[in-house]
Amino acid sequence: MEKKVRLRYAPSPTGAQHIGGIRTALFNYLFVKKHGGELILRSEDTDQSRFVEGAEEFVINSCKYAGIEFDEGIHVGGPYAPYRQSERKDIYKKYVQQLIDNGNAYYAFDTPEELEEMRNRMITEGNPSPAYDHITRQYMKNSVALSQDEVEKKLVNNEPYVIRIKMPRNEEIKFNDLIRGWVTFNSSQLDDKVLFKSDGMPTYHLANVVDDYLMKITHVVRGEEWLPSAPTHVMTYKFFGWENEMPQFAHLPLILKPEGNGKLSKRDGDKYGFPLYALEWKEQNISGLKEKGFLPEAFINFIALLGWHPGGDKEIFTKEELIQEFSFERVGKSGARFDPEKAKWINQQHIKMKSGVELAELLQPTLQKNNVIADTAYIIKVCELMKDRAVFIPDLYEFGYYFFNDIKSYDTETIKKKWKPERTEIFLQLIATIDTVDNFTEQNIEAVVKAFMTEYKLGMGEVMPLFRVALAGGLQGPPVFAMMDVLGKKKSVARLQFAVEKFNTLQ
Ligand code: GLU
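Let us look at the structure shown here. (Residues numbered from 1 in each chain as written. Predicted model: local features only at pLDDT ≥ 70, side-chain atom pairs only at ≥ 80, totals over all residues. Heavy atoms only, no water.)

**Brief notes about the overall build of the protein**
Part 1: Within the protein one finds 21 helices and 12 strands.
Part 2: Over its C-alpha trace the protein gives a radius of gyration of 32 Å, far above what one expects of a compact globule, namely 23 Å for 507 residues.
Part 3: Overall, the protein is about 110 × 55 × 40 Å in size when its C-alpha atoms are taken along their principal axes.
Part 4: Put simply, of all contacts in the protein between residues at least 6 apart along the chain, 72% involve residues at least 24 apart.
Part 5: When the accessible surface of the protein is split by element, carbon and sulfur atoms take 48% of a total near 24500 Å². (Helix = DSSP H or I, 4+ residues; strand = E, 2+ residues; numbered from the N terminus. Rg over C-alpha atoms; globule rule 2.2 N^0.38 Å. Contact = heavy atoms within 4.5 Å. Areas by Shrake-Rupley, 256 points an atom, 1.4 Å probe, with all protein chains shown as cover.)

Here it is as structure tokens:
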């Protein structure tokens, strides 16, 4: 029987989850959905000194916004609970003991000063950061180098210790990464990583392997920064005799700066005026893409393209399409360039795909913030008219504020260029004619205005820019007659009349 696909997203709650983290969560999710599997949210909080209050909630809420759902985890429970490693402390003790008993791990009693001393002593040009490894371990205070008596004495005396993995010398460690293909390491190049700390907590390396095994994880999908740890993990599976249960690995490519020169850093968000987080987190001084007006469907579309592409020209994908088309074969090995302009464009495309009803709903928070009270049917019409122009949801209001408020300022340059005071009468006559249109639709208004202009020999350029300024304050905006249709007869006529007066005072 095929094993059920089970993946986990396992962040350490050491700060706000940025788009790199959410991309890992998303790729886990897409793969799980495609294969009808299960997704787990595990908190890897073994490093208590780096714990940040609120970081777990931030992950949960960011994933919720992105539509990444979990079947099991810290927030929903499940058959393998608890899912927070600090609550699983006792489990790891038993496993690390097993490694000690088999001679694959050992106690190390070295003090920080002794470790420092070793590094200073061993440092050479060719080896600038000497490691605790198969060579140096022989000269240190550990249960490999010391006699059994000495070790027992230290244990009885409760001398602080850590437990280290005993990396064999000169062994080839290989695994087949789903993105990178075969990856090979030599064990002599690896250090004896700490598995268990003096505070009674496991390190990431031990807890990660034990939990993936106990939680029956089939695939480990994580960022490239974990690739150097993978051989230690592979060795740990081997030491436990779990080779057959070892998950498959997929190490995702780095996310690079827009210019491609190096890894995207947290500060780059400020530089490009583009949040690198899903959500705002005020206490951490972090702004979010949700608050900026990113649609969740655009957000995951853009995040998915950070390293993945199914080939061809298609850039806009719905969530269903992402799930259908996702595969690790189509994830690149080399760094994925982060492009804020492309992200905006993707958001714009998703806004265009939405109906006026949906957009009106999404615009509510912005309208509330601006104390706008308007009829739903009216808001829907404005959204339909403005949606081709909006990059972010609040733009529907920002670019079309004049549908909800009085005009803030008029484009005086256009007025000065185009307005002729001697046309006052004829304009007022045209406005009066507009006021007679019964069924006030775009087509009807256009027909009446154009007939009038033909009769009085007025050119488009003599009327339209002025109408535009009269109705919207400036030259930007949707087609003039469509604008009038949405504003309605009363408001349109009032604005036009008011503008004629205004134009004359500005002359
Ligand atoms: N706890 C690790 C992190 O914070 C997870 C690495 C892994 O998925 O194995 O990214």
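**Some remarks on helix α12 (residues 340-352)**
Part 1: Taking 1.5 Å per residue as the helical rise, α12 with its 13 residues ought to reach 18 Å, and the 19 Å between its terminal C-alpha atoms agrees with that figure.
Part 2: The set of residues buried in α12 consists of P340, A343, I346, N347, Q348, Q349, H350 and I351.
Part 3: The inward-facing, buried residues of α12 contact α8 (268-272), α10 (296-304) and α13 (356-369).
Part 4: Where α12 begins, one side-chain oxygen reaches toward the backbone nitrogen of E341, 3.0 Å away; that side chain belongs to D339. (Expected span 1.5 Å × (residues − 1). Buried < 20%, exposed > 50% of the residue type's maximum accessible area, 1.4 Å probe, protein only. Polar contact = N/O pair within 3.5 Å; in protein donor to acceptor, adjacent residues only side chain to side chain.)

**Some remarks on the site of the ligand**
Part 1: Taken together, R8, A10, P11, S12, E44, Y204, N208, R222 and W226 are the residues near the ligand.
Part 2: Interatomic distance of 2.8 Å between a backbone N/O atom of A10 and a nitrogen atom of the ligand.
Part 3: Here the ligand loses 85% of its free accessible area of 300 Å² to cover by the protein chains.
Part 4: Its residues placed into classes, the shell around the ligand shows four nonpolar, two polar and three charged. (Near = heavy atom within 4 Å. Nonpolar A, V, L, I, M, F, W, Y, C, P; charged D, E, K, R; others polar.)

**Side note on the packing of aromatic side chains**
Aromatic ring pairs are described here by two measures, namely the spacing of the ring centres and the angle between the planes.
Part 1: A full pass over the atoms with the stated rule returns 32 aromatic pairs.
Part 2: Following the ring pairs from residue to residue traces out a cluster consisting of F27, F31, W308, F317, F326 and F328.
Part 3: Sitting over the ring of W182, K174 keeps its end group 4.7 Å from the ring centre. (Phe/Tyr/Trp six-rings, centres within 6.5 Å; stacked < 30°, edge-to-face > 60°. Lys NZ or Arg CZ within 6 Å of the ring centre and 35° of its normal.)

**Topic: the packing of helix α3 (residues 89-101) against helix α6 (residues 204-214)**
Part 1: Where α3 meets α6, the closest approach of the two axes is 10 Å, and the angle between their N-to-C directions is 105°. Classified by the angle between their axes, α3 and α6 sit roughly perpendicular to one another. Across the interface between the two elements, I91, Y92, Y95, V96 and L99 of α3 pack against L206, A207, V210, D211 and L214 of α6.
Part 2: When the residues that make up the contact of α3 with α6 are grouped by side-chain class, the tally is nine nonpolar, no polar and one charged. (Axes fitted to C-alpha atoms, helices over the stretch in contact; angles between N-to-C directions. Parallel < 35°, antiparallel > 145°, perpendicular 65-115°, else oblique.)

**Structural notes on the side chain of E56**
Part 1: Assignment of secondary structure puts E56 in helix α2 (residues 55-66).
Part 2: Residues within four places of E56 in sequence aside, it is in contact with P13, S43, D45, F51, I74 and R84.

**Thoughts on the side chain of H350**
Part 1: Within the secondary structure layout, H350 lies in helix α12.
Part 2: Not counting residues within four places of it along the chain, the set of residues in contact with H350 comprises L295, E297, A298, N301, I316 and F317.

**Here's the deal with the pairing of strand β10 (residues 248-252)**
Part 1: Across the five residues that make up β10, a large majority, four, are buried.
Part 2: As defined by bridge partners, strand β9 (residues 219-223) adjoins β10 across five bridges and the pair is classed as parallel. Note that in β10 the partner of V221 across the bridge is A250.
Part 3: Following the chain from β9 across helix α7 (residues 230-240) to the adjacent parallel β10, one finds a crossover that is right-handed. (Pairing = 2+ DSSP bridges. Right-handed = clockwise from strand over helix to strand, strands pointing away.)

**Here's the deal with α13**
Part 1: Over its 14 residues, α13 extends 20 Å from the first C-alpha to the last, a length consistent with the 20 Å expected when each residue adds 1.5 Å.
Part 2: In the structure, α13 departs most strongly from a straight axis at L363, where the bend amounts to approximately 45° and where the proline P365 lies between one and four residues downstream.
Part 3: Packed against the buried residues of α13 are α12, α14 (376-386) and α15 (395-398).
Part 4: Looking one or two places after α13, you find N371, whose phi comes out positive at around 55°. (Bend = angle between axes of the 7 residues up to and from the residue.)

**Comments concerning unusual backbone geometry**
Apart from glycine, the bulk of residues carry a negative phi angle, and the bulk of peptide bonds sit in the trans form.
Part 1: Backbone torsion omega between A81 and P82 reads 0°, so that peptide bond is classified as cis.
Part 2: For P82, the position within the fold is in the loop between β3 (72-73) and α3.
Part 3: Positive phi values are uncommon outside glycine, yet N158 reaches one of about 55°.
Part 4: One can find N158 in the loop between α5 (148-156) and β5 (162-165).

**Examining the environment of L396**
Part 1: Among the secondary structure elements, L396 is positioned in helix α15.
Part 2: On a C-alpha basis, the gap between L396 and E384 in space is 9.3 Å, while along the polypeptide they are 12 residues apart.
Part 3: Among all residues touching L396, those that are not within four sequence positions of it are L359, L363, C383, M386, K387 and A390.

**Section: the pattern of salt bridges**
Part 1: Tallied over the entire structure, the rule returns 28 salt bridges.
Part 2: One salt bridge in this structure joins D191 and K193, with 2.7 Å as the shortest N-O distance.
Part 3: On the basis of relative accessibility, which here comes to 24%, the residue D191 falls in the partly exposed class.
Part 4: A network of salt bridges, in which partner residues are shared, links R8, R42, E44, R88, D211 and D212. (Salt bridge = Lys/Arg side-chain N within 4 Å of Asp/Glu carboxyl O.)

**So, the pairing of β5**
Part 1: Pairing analysis gives four bridges linking strand β4 (residues 105-108) to β5, with the strands arranged antiparallel. When the sheet's bridge partners are listed, Y106 is paired in β5 with R164.
Part 2: In the sheet, β5 pairs with strand β8 (residues 194-196) via two bridges, with the strands oriented antiparallel. In the sheet register, R164 faces β8, and the bridge partner there is V194.

**Section: the nonpolar core**
Part 1: Formed by 157 residues in total, the largest nonpolar core has its most connected members in I19, F27, I68, F294, F299, F403 and M484.
Part 2: Residue contributions to this core peak at nine residues, all from helix α1 (residues 19-34).
Part 3: Among residues more than four places away in sequence, those in contact with I19 are L264, L276, Y277, L289, F299, I303, L306 and F338. (Core = buried A, V, L, I, M, F, W, Y, C linked by side-chain atoms within 4.5 Å.)

**A closer look at the environment of R222**
Part 1: Structurally, the position occupied by R222 is in strand β9.
Part 2: It is 30 Å that separates the C-alpha atoms of R222 and Y161, two residues lying 61 residues apart in sequence.
Part 3: Once you skip the residues sitting within four places of it in the chain, R222 turns out to touch R8, T24, Y204, N208, A230, H233, F249, A250, H251 and L252.
Part 4: There is a polar contact of 3.0 Å between the side chain of R222 and the side chain of Y204.

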